[in-house]
Amino acid sequence: MASSFPDPVLPGPGSLQRVRVWDLPLRLFHWLLVACLVGSFVSVKAGWMDWHFRFGYGALTLIVFRLLWGFVGPRYARFSSFLFKPSALLAQLRGAPDAPRTLGHSPTGSLSVFALLAVIAIQASAGLFASDDIASEGPLARLVANAFVEQATWLHHTNQLVILALVALHLLAILFYRIFKRQSLVKPMVVGDRLLPASSVQGALAARDDAAIRLRALAVAAISVAIVACIVNWPVF
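Definitions and limits used
Residues numbered from 1 in each chain as written. Predicted model: local features only at pLDDT ≥ 70, side-chain atom pairs only at ≥ 80, totals over all residues. Heavy atoms only, no water. Helix = DSSP H or I, 4+ residues; strand = E, 2+ residues; numbered from the N terminus. Buried < 20%, exposed > 50% of the residue type's maximum accessible area, 1.4 Å probe, protein only. Contact = heavy atoms within 4.5 Å. Areas by Shrake-Rupley, 256 points an atom, 1.4 Å probe, with all protein chains shown as cover. Phe/Tyr/Trp six-rings, centres within 6.5 Å; stacked < 30°, edge-to-face > 60°. Lys NZ or Arg CZ within 6 Å of the ring centre and 35° of its normal. Arc of directions from axis to C-beta. Axes fitted to C-alpha atoms, helices over the stretch in contact; angles between N-to-C directions. Parallel < 35°, antiparallel > 145°, perpendicular 65-115°, else oblique. Left-handed = near helix turned anticlockwise from the far one by under 90°. Polar contact = N/O pair within 3.5 Å; in protein donor to acceptor, adjacent residues only side chain to side chain.

(A) Highlighting the overall build of the protein. When helices and strands are counted, the protein shows 8 helices and 2 strands. Walking the protein from its N terminus toward its C terminus, one meets helices and strands in the order β-α-α-α-α-α-α-β-α-α. Per-residue burial over the protein gives 38% buried out of 237 residues. When contacts within the protein are restricted to residue pairs at least 6 apart in sequence, long-range pairs at least 24 apart make up 70% of them. Of the roughly 13,700 Å² that the protein leaves accessible, carbon and sulfur atoms contribute 69%.

(B) Main features of the packing of aromatic side chains. Tallied over the full model, the rule gives 10 aromatic pairs. When the ring of Phe 176 is compared with that of Tyr 177, the centres are 6.0 Å apart and the planes differ by 80°; the resulting orientation is edge-to-face. Overall, the relative accessible area of 15% leaves Tyr 177 in the buried class. Counting every residue linked through ring pairs, the aromatic cluster contains Phe 71, Phe 79, Phe 82 and Phe 114. Across from the ring centre of Trp 51, 4.8 Å away, lies the NZ or CZ of Arg 54, which sits over that ring.

(C) Region of interest: helix α3 (residues 86-94). Along α3, the residues classified as buried are Ala 88, Ala 91 and Gln 92. Looking down the long axis of α3, one finds its buried residues gathered within 95° of arc, a one-sided arrangement. Those residues of α3 that are exposed and angled more than 90 degrees off the buried face are Pro 86, Leu 93 and Arg 94. Contacts made by the buried residues of α3 are with α4 (107-127) and α5 (146-180). Residue Gly 95 follows α3 closely and has a positive phi angle near 70°.

(D) Highlighting the packing of α4 against α5. Running from N to C, α4 and α5 point in directions that differ by 155°, and their axes come no closer than 9 Å. By the angle class used here, α4 and α5 are roughly antiparallel. As α4 packs across α5, the resulting crossing turns out to be left-handed. Judged by residue contacts, Thr 108, Ser 112, Ala 115, Leu 116, Val 119, Ile 120, Ile 122, Gln 123, Ala 126 and Gly 127 of α4 engage Ala 152, Leu 155, His 156, Asn 159, Gln 160, Val 162, Ile 163, Leu 166, Val 167, His 170 and Tyr 177 from α5.

(E) Main features of the side chain of Ser 43. The residue Ser 43 is located in helix α1 (residues 24-46) in this model. Separated by 2.8 Å, the side chain of Ser 43 and the backbone oxygen of Gly 39 make a polar contact. Excluding residues within four positions of it along the chain, Ser 43 makes contact with Trp 48, Trp 51, His 52 and Phe 55.

Have a look at this one:
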């Protein structure tokens, strides 16, 4: 599903030009999710369970936001921009000359995105039903059978290892691109732009990132907060 908005190429100095790839709402999502993951891990190890729950609710809200933004966000935020066939993934892994090239996520990058979204969604959802049988339990634990709580608790504890493994792979990929391909994957996610040779910018489509997009993101964020609030306070609603 292509964006219906015009896609201006952003001018830049010298022989390189800046092209907006990552919109501000997407960048904020990325770094807020990092903060929630770190905060959740630190708080549970320190025994600060109230904060652990808050970070978990924050992560779940961000996941809901990203799922919605994947359909209504700008060009490179949309899932349709990085849905690749398995053959495209294999071509990139082999370094084939016909491997897809995109300003947004590559085939391997898209696989990483979907995997991380899935495991974080599982982690946050399982936490809603988990219990330590002592002092802390998820807000929905009392609504289900004990057997379900036990399974959710096991999944919540086990899945954190999967998250750590995927995060480690993500960091290794960043280092690989930095060292061997001389490309920074971090800076574009901070500033939003990629630098391209002026000769290759012709036809490069930049993502829309204006006030209207940000107002749309605020609306999506409000919907996401409302959805998670309804889930967390389900007996009330």
